[in-house]
Amino acid sequence: MFSPARRRLALVHTGGTIASRPDPRGAGLTPQQAPMLDGMIPGLEDVELLSFQPFNLPSPHVTPRHMLELQTLLGGLEDVDGAVVTHGTDTLEETAFFLHLTLNVPYPVVLTGSMRHTGELSWDGPGNLRDAAQTALHPASKGRGPLVAFGGDLFDARTVTKVHSSAVDAFGGYPGPIGRIDQVADQQMEAGAALRYFAGPQERHFYTPQRLSAHVEVLYAYAGWQGEGYAEAQARSDGLVIAALGTGNLPAELLPLIAATRQPVVIATRTHAGPILPVYGYAGGGATLRRAGAIPASFLNAHKARLLLMLLLSLGMHQGEIRAVFEEGRF
Ligand code: ASP
């Protein structure tokens, strides 16, 4: 009798609160082990689980080199139907976006984590892991690039951001989730879950340098900034990103500094939503910065713009090519 091949799901654990417990000596929460949840995910009894733990870190310790390691691991998986990556929530959006830019695989990849640890009554790890697993195995998740599943919401790696430091619903980002997964009692449905996407998959662009050779720093603008720290950051960087004001404006003192900078300077916004627009013509206004050579980051936040700039510089791209990637939204 014909029996369909068992589906295979990769579970890649990298640390974070979902893998953390209170330190027995009272030093606070630390990632201590893989979440030990793999056998506990309901509805996956017929799925073959392949577990990996390339590193076990709090996500503030995750660097682009760890992201590249993850990309290599995921890129080398064969015959899997989906992959889930568990990750600390603090830099989860950066790893998701890095994978969005670099990982071209035929199966869905879904990142998740938890805001509460295993010892807390409101532990959100198991629910998020189950949602992520079901999303990764769902046919409608294909072709969308890495997704983030958190609290039942499904986010695109380009727009997702951590919007709350402690709430369980910690993720958001303009214009919001691209899908939703809810658990239902109906056994007819895929693994007991109702999953909807609100739009179709979009075109993607890949940038995969062999090495991350470029150094890019982020500067944060504020009222009264006269460029403190700019020269030092410029001297040690191959490119800069500035989390600027509003639609991408800066105090007047920054205009000559940017005009004199030979490396790419990408302008993002420190607000939590919206594009960079070259609207204002006063000294330091977005139109003057663009004329001085600055590159608008479009809708990307500063830390995602930094990853993209790092990849483009590591590929040896020049100013004009980098500008085209950002301005034409090729990410
Ligand atoms: N600080 C933790 C981390 O990012 C927070 C979390 O995982 O929720 O590793």
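These lines cover the structure that appears in this document, whether it is placed above or below. (Residues numbered from 1 in each chain as written. Predicted model: local features only at pLDDT ≥ 70, side-chain atom pairs only at ≥ 80, totals over all residues. Heavy atoms only, no water.)

Some thoughts on the side chain of Gln263
1) Next: Locating Gln263 in the fold gives a position in the loop between helix H5 (254–259) and strand S15 (265–269).
2) Next: You can call Gln263 buried: its relative accessible area is 18%.
3) Next: Within polar-contact distance, the side chain of Gln263 engages the backbone oxygen of Ser237 at 2.9 Å. (Helix = DSSP H or I, 4+ residues; strand = E, 2+ residues; numbered from the N terminus. Buried < 20%, exposed > 50% of the residue type's maximum accessible area, 1.4 Å probe, protein only. Polar contact = N/O pair within 3.5 Å; in protein donor to acceptor, adjacent residues only side chain to side chain.)

A closer look at helix H1 (residues 64–75)
1) Next: Across its 12 residues, H1 extends 16 Å between first and last C-alpha, which sits within 8% of the 16 Å expected from 1.5 Å per residue.
2) Next: Within H1 the residues assigned to the buried category are Pro64, His66, Met67, Leu68, Leu70, Gln71 and Leu74.
3) Next: Buried residues belonging to H1 abut strand S1 (7–13), strand S5 (82–86), helix H2 (92–102), strand S6 (109–112) and helix H7 (302–314). (Expected span 1.5 Å × (residues − 1). Contact = heavy atoms within 4.5 Å.)

A closer look at the site of the ligand
1) Next: By nearness alone, every residue bordering the ligand is listed as Gly16, Thr17, Pro58, Ser59, Pro60, Gly88, Thr89, Asp90 and Ser114.
2) Next: Residue Thr89 places a side-chain N or O atom 2.5 Å away from an oxygen atom belonging to the ligand.
3) Next: Between a nitrogen atom of the ligand and a side-chain N or O atom of Asp90, the distance comes to 2.8 Å.
4) Next: With the chains in place, 84% of the 270 Å² that the ligand exposes on its own is no longer accessible. (Near = heavy atom within 4 Å. Areas by Shrake-Rupley, 256 points an atom, 1.4 Å probe, with all protein chains shown as cover.)

Describing the sheet that holds strand S16 (residues 295–296)
1) Next: Read from one edge of the open sheet, 4 strands run S13-S14-S15-S16, paired in parallel fashion. Edge strands, defined here as strands with exactly one partner in the open sheet, are strand S13 (216–220) and S16.
2) Next: Summarising the sheet, S15 and S16 pair through 2 bridges and their orientation is parallel. Bridging across to S16, Val266 finds its partner in Ile295.
3) Next: Across the sheet, H7 is in contact with S13, strand S14 (239–244) and S15; its angle to S14 comes to roughly 165 degrees. (Pairing = 2+ DSSP bridges. Axes fitted to C-alpha atoms, helices over the stretch in contact; angles between N-to-C directions.)

Some remarks on the pairing of strand S7 (residues 147–150)
1) Next: Every second residue of S7 is oriented toward a common face, with Leu147 and Ala149 on one face and Val148 and Phe150 on the other, all of them buried.
2) Next: As defined by bridge partners, S6 adjoins S7 across 2 bridges and the pair is classed as parallel. When the bridges of S7 are listed, Val110 appears paired with Leu147.
3) Next: With 4 bridges connecting them, S7 and strand S8 (residues 153–156) associate as antiparallel partners. Paired with Val148 across the strands is Phe155, a residue of S8.
4) Next: Once S7 ends, the chain turns through 2 residues before running back antiparallel as S8, passing Gly151 with a positive phi of about 60 degrees.

Describing the pairing of S6
1) Next: Of the two faces of S6, the one lined by Val109 and Leu111 and the one lined by Val110 and Thr112 are each fully buried.
2) Next: Pairing between S5 and S6: 4 bridges, direction parallel. Residue pairing across strands places Val84 opposite Val110, the latter belonging to S6.
3) Next: Handedness of the crossover is the feature at issue here: the chain leaves S5, passes through H2, returns alongside S6, and the resulting connection is right-handed.
4) Next: Regarding topology, helix H3 (residues 125–137) serves as the crossover connection from S6 to the parallel S7, and that connection is left-handed. (Right-handed = clockwise from strand over helix to strand, strands pointing away.)

As for H2
1) Next: In terms of residue burial, H2 counts as a mostly covered element, since 11 of its 11 residues are buried.
2) Next: On its buried face, H2 is in contact with H1, S6, S7, strand S9 (161–162), strand S10 (171–172) and H7.

Here we look at the pattern of salt bridges
1) Next: With the rule as written, the count across this model stands at 11 salt bridges.
2) Next: For Glu48, the salt bridge goes to Arg8, with nearest N and O atoms at 3.4 Å. Of this pair, Glu48 sits in strand S4 (residues 47–52) while Arg8 sits in strand S1, and the two are 40 residues apart along the sequence.
3) Next: The partly exposed category is assigned to Glu48, whose relative accessible area is 29%.
4) Next: Judged by relative accessible area, which is 23%, Arg8 ranks as partly exposed.
5) Next: With its nearest N and O atoms 2.7 Å apart, the salt bridge here joins Arg158 to Asp156. A single burial state applies to Arg158 and to Asp156, both of which are buried.
6) Next: Beyond isolated ion pairs, a larger network of salt bridges with shared partners links Asp153, Arg180, Asp182 and Arg196. (Salt bridge = Lys/Arg side-chain N within 4 Å of Asp/Glu carboxyl O.)

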